[in-house]
Each structure stands twice: as structure tokens, then as C-alpha cells.
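What the coordinates show
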Amino acid sequence: MSIKRNTLQKQMIFDAVRELNIHATAEQVYDYVSVKNPFISKATVYRNLSQMAETGELFNAGALSGATHYDHNTHDHYHFICKECNAVFDVDGDFPDMTNIVKKSGEFEVTDCNMSFSGLCHKCKV
């Protein structure tokens, strides 16, 4: 039985994702955390982000605008990606459960779903 430790570094990385609140990439998290802890390695940041996504502590939003983004918001929701500034926003709403529709077809075993919208955000559309 493997016991996951809640280390200070892991907590700093989780806090960085929450505080940045931008669907941060591993590089952005590293830049943020390394200011507070210059001895932390990129490998530690990448490993902890991956582990926290696997355990459900963070949401791996996938490769949005070229890099994997992490979200502290783990409830079911979608994303909007601005084509101009590449910002990623949460989209809450009552959308049809596409996962169940695909599962009911009987042809697929769905292990995860990541749906996003794209266009211009409120700042870029003006």
C-alpha cells in the first residue's frame, strides 16, 4: 500500500495553482513557486502536478493552447480558450452529459472527457 505524503513542496505547488487561478502550466507554477523556494526543481513541480491530477486533487485540463494546464477547480465544467490572448476560463452551465451519450452507444469505454470552447474573451473582443 502506497502512502502519499503531503509535503511542504506539494502544498506550495497546490497553493500556486489555486493562487494563480489561470489554469496554469507546469512552467508557470514553477516560476511562481521558485520565487518562494528557489531550491525547488522543475522535476518536483512536474511530478507533483502529475500526481495531484492522478489523485483528483487537481484537474488536468489537457493541452490547451500548446501546453498542459492544471486547474484547482475539480468539479465538472468546461473551458473557454481565448484565441487572442490564450487565457483559459471556466465555463459552468447545464450542458448535456456527453459522456453518458457516448457510453450508451456501447462502442466505447469513456475514461475521461475534456470539452472546450474557443473564441475571443471579454477583454479581447473589444
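Calculation rules
- Residues numbered from 1 in each chain as written.
- Predicted model: local features only at pLDDT ≥ 70, side-chain atom pairs only at ≥ 80, totals over all residues.
- Heavy atoms only, no water.
- Helix = DSSP H or I, 4+ residues; strand = E, 2+ residues; numbered from the N terminus.
- Expected span 1.5 Å × (residues − 1).
- Buried < 20%, exposed > 50% of the residue type's maximum accessible area, 1.4 Å probe, protein only.
- Arc of directions from axis to C-beta.
- Contact = heavy atoms within 4.5 Å.
- Core = buried A, V, L, I, M, F, W, Y, C linked by side-chain atoms within 4.5 Å.
- Domains from an automatic or database assignment.
- Buried area = accessible area lost by both parts, 1.4 Å probe.
- Polar contact = N/O pair within 3.5 Å; in protein donor to acceptor, adjacent residues only side chain to side chain.
- Pairing = 2+ DSSP bridges.
- Axes fitted to C-alpha atoms, helices over the stretch in contact; angles between N-to-C directions.

Our focus in this paragraph is helix 3 (residues 42-55). Residues lying three or four places apart along an α-helix face the same way, a consequence of the helix completing one turn every 3.6 residues. Relative to the 20 Å expected for 14 residues at 1.5 Å per residue, helix 3 spans 20 Å between its end C-alpha atoms, a close match to the ideal helical length. Within helix 3, the full set of buried residues consists of Thr 44, Val 45, Asn 48, Leu 49 and Met 52. Mapping the buried residues of helix 3 onto a view down its axis gives an arc of 125°, with all of them on the same face. In this fold, the buried residues of helix 3 make contact with helix 1 (8-20), helix 2 (26-36) and strand 2 (67-71). The first or second residue beyond helix 3 is Gly 56, which carries a positive phi of 90°.

As a rule of thumb, soluble globular proteins bury nonpolar side chains together. Grouped together as the largest cluster of nonpolar side chains are 15 residues, with contacts concentrated most on Ile 13, Val 29, Val 33, Ile 40, Val 45 and Leu 49. Contributing elements (two or more residues each) for this core: helix 1, helix 2 and helix 3. Those residues in contact with Val 33 that lie beyond four places of it in its chain are Met 12, Ile 13, Ala 16 and Ile 40.

With that settled, the discussion passes to the domain arrangement of the chain. Along its sequence, the chain is organised into domain 1 (8-71) and domain 2 (78-119). The gap between the C-alpha centroids of domain 1 and domain 2 is 22 Å. With nine residues of domain 1 at the interface, the matching set in domain 2 holds eight residues. Between domain 1 and domain 2 the total buried area reaches about 630 Å² when both faces are included, carbon and sulfur atoms providing 59% of it.

A few words on the side chain of Ser 34. The topology assignment puts Ser 34 in helix 2. Judged by relative accessible area, Ser 34 falls into the buried class, the value being 17%. Side-chain polar atoms of Ser 34 contact the backbone oxygen of Asp 31, separated by 3.2 Å.

As a further point, take the environment of Tyr 32. Within the fold, Tyr 32 resides in helix 2. Using a relative accessible area of 28% as the deciding quantity, one classes Tyr 32 as partly exposed. Taking C-alpha positions, Tyr 32 is 9.1 Å from Val 17, a pair spaced 15 residues apart along the chain. Sequence-distant contacts of Tyr 32, defined by excluding residues within four places in its chain, comprise Ala 16, Glu 19 and Leu 20. Of note is the side chain of Tyr 32, whose polar atom sits 2.6 Å from the side chain of Glu 19.

Once that is clear, we can look at the sheet that holds strand 4 (residues 88-91). Reading across from one edge, 4-3-5 is the order of the three strands in this open sheet, with mixed pairing throughout. Here the strands that pair on one side only, and so sit at the sheet edges, are strand 4 and strand 5 (116-119). Across the sheet, the mean angle separating the axes of adjacent strands is 25° when strand polarity is ignored. The pairing of strand 3 (residues 78-82) with strand 5 spans four bridges and is classified as parallel. Within the sheet, the bridge partner assigned to His 79 lies in strand 5 and is Ser 116.

Moving on, we get to unusual backbone geometry. A positive phi angle, near 55°, is found at His 23, a position not held by glycine. Position of His 23 among the secondary structure elements: in the loop between helix 1 and helix 2. You can call His 23 buried: its relative accessible area is 7%. Unusually for a residue other than glycine, Asn 86 sits at a positive phi of about 65°.

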